[in-house]
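Commentary on secondary and tertiary structure
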Amino acid sequence: MVMPLDPRAEVLLSRVLAALRPVLIAYMVANAMTLAPGIEDALSFCNVLFVGNFCAALVVLIWFRPGPIVSDLKRLPRSTQLTLLIDGGLAALTSGLIFTGLTYTSSTNAILLGRIGPVLSALSGALIFGRMVMRQEWLGFSFIIVGTLTVALFGGNGSINKGDALILASTVVFAISSILGKAALNRNVSLRSLVFIRNASSSLIFFVLANINYGWHHFADAFHGQLWILMGIYALIVIVFAQFLWFDATRQLDSISLGRWATPAPAIGVLAAGLLNRQWPIESQIIGLIIIMIGVVVTALSPTTKQQPSQTKQRMAELSLNASDTASPVT
């Protein structure tokens, strides 16, 4: 499947949708009585995580039909199938950390702190694949990291609170999963199969683990039809569309370019958090956002230098792996 957009636009749009995810989740949980009258208990963080990702898998399965997806997966070697399952587990862990963190921190904090994820992914990807990080890129990424830490430390009066710590932990898992996808998946993985197995496995893994930890009654309200309709719409736009854009762009761009174009999203996410949840940024968040956006501008405007032959070969090796229709997860 080929997307008609420029890959840089795909990265930016996919990250904007990803930044909107915690905002929409917080909005739905806070307004459950209005959105789902009579079954407001069903709109919990756990139910949204499980049903949302499962609906995303169903959307892909219905759109592309089961036959082609099953054929794609059967052709993959066992090692690649295992890698996809591990990636699904990491995706479940990433979402679980974010949604649990939202219990203890604001969606604005989650958006701003989450910007360090693409930076960690870009820098670790550059290290592993041998991509040279330019001085201006280092400077821009440094601003983003400082801005993120400003939000975390100032918001916690010099220490990082539980919610912010969980959000930051999710960015580390994001980076690990990103490198796993780039390094291990091969050209035989189709985009439709990747998005399907990733969402299906992550939802089922989360469902099993949550039942082990909390018991079957934890999902007693998860099977109301109204909830599934709402989650189906949410999954189509915020999960499936965003993942297809992100994964398609990852085939074509190296990790530094992904990190460069992924970071501008927080401004839109913060605006959405204010409009939907009335969570307008406080002073520390405004300072952090300004520092982050300075880093975004510095990184985005960094020139692309002509690479040496050895660096070109290393970049081509990375893009060859990226052409497998795979990518890092969407948080």
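Conventions we followed
Residues numbered from 1 in each chain as written. Predicted model: local features only at pLDDT ≥ 70, side-chain atom pairs only at ≥ 80, totals over all residues. Heavy atoms only, no water. Helix = DSSP H or I, 4+ residues; strand = E, 2+ residues; numbered from the N terminus. Buried < 20%, exposed > 50% of the residue type's maximum accessible area, 1.4 Å probe, protein only. Areas by Shrake-Rupley, 256 points an atom, 1.4 Å probe, with all protein chains shown as cover. Salt bridge = Lys/Arg side-chain N within 4 Å of Asp/Glu carboxyl O. Contact = heavy atoms within 4.5 Å. Phe/Tyr/Trp six-rings, centres within 6.5 Å; stacked < 30°, edge-to-face > 60°. Lys NZ or Arg CZ within 6 Å of the ring centre and 35° of its normal. Expected span 1.5 Å × (residues − 1). pLDDT = per-residue confidence, 0-100. Axes fitted to C-alpha atoms, helices over the stretch in contact; angles between N-to-C directions. Parallel < 35°, antiparallel > 145°, perpendicular 65-115°, else oblique. Left-handed = near helix turned anticlockwise from the far one by under 90°. Nonpolar A, V, L, I, M, F, W, Y, C, P; charged D, E, K, R; others polar. Polar contact = N/O pair within 3.5 Å; in protein donor to acceptor, adjacent residues only side chain to side chain.

Turning next to the overall build of the chain. In terms of helices and strands, the chain carries 15 helices and zero strands. Sorting the 331 residues of the chain into buried and exposed places 55% on the buried side. Accessible surface for the chain amounts to roughly 14,200 Å². Of this, 69% is attributable to carbon and sulfur atoms.

Another aspect to go through is the pattern of salt bridges. Counted according to the given criterion, the structure contains four salt bridges. Of the charged contacts, one joins Asp 6 and Arg 8 as a salt bridge, the two residues approaching to 3.1 Å between their closest N and O atoms. Looking at Arg 8, the relative accessible area reads 41%, which means it is partly exposed. Between Asp 87 and Arg 198 there is a salt bridge, with its nearest N and O atoms 3.2 Å apart. Linking Asp 87 in helix α5 (residues 78-101) with Arg 198 in helix α10 (residues 191-214), this pair joins segments that are 111 residues apart in sequence. For Asp 87, a relative accessible area of 3% puts it in the buried group. Here the salt bridges share partners, and the residues they tie into one network are Asp 72, Arg 75 and Arg 192.

With respect to the helices and strands, Ala 26 occurs in helix α1 (residues 7-30). The exposure class assigned to Ala 26 is buried, which follows from its relative accessible area of 17%. Apart from the residues lying within four places of it in its own chain, the contact partners of Ala 26 are Ser 107 and Asn 277.

All right, on to the packing of aromatic side chains then. Evaluated as defined, the whole model comprises nine aromatic pairs. For the ring pair Phe 50 and Phe 54, a centre distance of 6.0 Å and an interplane angle of 35° mean the geometry is tilted. Of the two residues, Phe 50 and Phe 54 are both situated in helix α3 (residues 45-64); the distance of four residues between them amounts to about one turn of the helix. Its relative accessible area of 5% is what places Phe 50 among the buried residues. With centroids separated by 6.2 Å and ring planes inclined at 85°, the aromatic side chains of Phe 206 and Phe 219 adopt a geometry described as edge-to-face. Taken as a pair, Phe 206 in helix α10 and Phe 219 in the loop between α10 and α11 (225-252) lie far apart in primary sequence, 13 residues in all. Of the two residues, Phe 206 and Phe 219, both sit in the buried class. Cluster of aromatic residues (ring-pair linked, three or more members): Phe 50, Phe 54, Phe 206, Phe 207, Phe 219, Phe 223 and Trp 228. Against the face of Trp 246 rests Arg 15, its NZ or CZ located 4.3 Å from the ring centre.

Here helix α14 (residues 283-300) spans 26 Å end to end across 18 residues, near enough to the 26 Å set by a 1.5 Å rise per residue. Among the residues of α14, Ser 284, Gln 285, Gly 288, Leu 289, Ile 291, Ile 292, Gly 295, Val 296, Val 298 and Thr 299 are the ones counted as buried.

What follows concerns the confidence of the model for the chain. Per-residue pLDDT for the chain has a mean of 78; in total, 83% of the residues score no lower than 70. Across the chain, element-level confidence peaks in helix α4 (residues 66-75) with a mean pLDDT of 90 and bottoms out in helix α15 (residues 309-322) with 42. Note that residues 305-331 has pLDDT below 50 and, in this model, 73 contacts with residues that lie over four places away or in other chains.

A separate point is the packing of α3 against α10. For the pair α3 and α10, interaxial distance at closest approach is 8 Å and the crossing angle is 150°. Classed by the angle they form, the pair α3 and α10 counts as roughly antiparallel. Crossing hand, α3 versus α10: left-handed. Contacts from Cys 46, Leu 49, Phe 50, Asn 53, Phe 54, Ala 56, Ala 57, Val 60, Leu 61 and Phe 64 in α3 reach Arg 192, Val 195, Phe 196, Asn 199, Ala 200, Ser 202, Ser 203, Leu 204, Phe 206 and Phe 207 in α10. When the residues that make up the contact of α3 with α10 are grouped by side-chain class, the tally is 15 nonpolar, four polar and one charged.

Turning next to the environment of Ile 286. Relative to the elements of secondary structure, Ile 286 occurs in helix α14. When the C-alpha positions of Ile 286 and Val 151 are compared, they lie 8.4 Å apart, and in sequence the two are 135 residues distant.

Glancing now at the side chain of Thr 105. Its location among the elements puts Thr 105 in the loop between α5 and α6 (107-113). With a relative accessible area of 13%, Thr 105 lands in the buried category. Within polar-contact distance, the side chain of Thr 105 engages the side chain of Asp 164 at 2.8 Å. The residues contacting Thr 105, other than those within four sequence positions of it, are Gly 163, Asp 164 and Ile 167.

A separate point is the packing of α1 against α11. Following both chains from N to C, one finds α1 and α11 inclined at 150°, their axes separated by 8 Å at the closest point. In terms of their interaxial angle, α1 and α11 are classed as roughly antiparallel. For α1 against α11, the interelement crossing comes out left-handed.

Before going further, it helps to examine unusual backbone geometry. Peptide bonds are mostly trans, and most non-glycine residues show a negative phi. Even without being glycine, Arg 65 reaches a positive phi, approximately 70°. Positionally, Arg 65 belongs in the loop between α3 and α4. Assessed through its relative accessible area of 53%, Arg 65 is described here as exposed.

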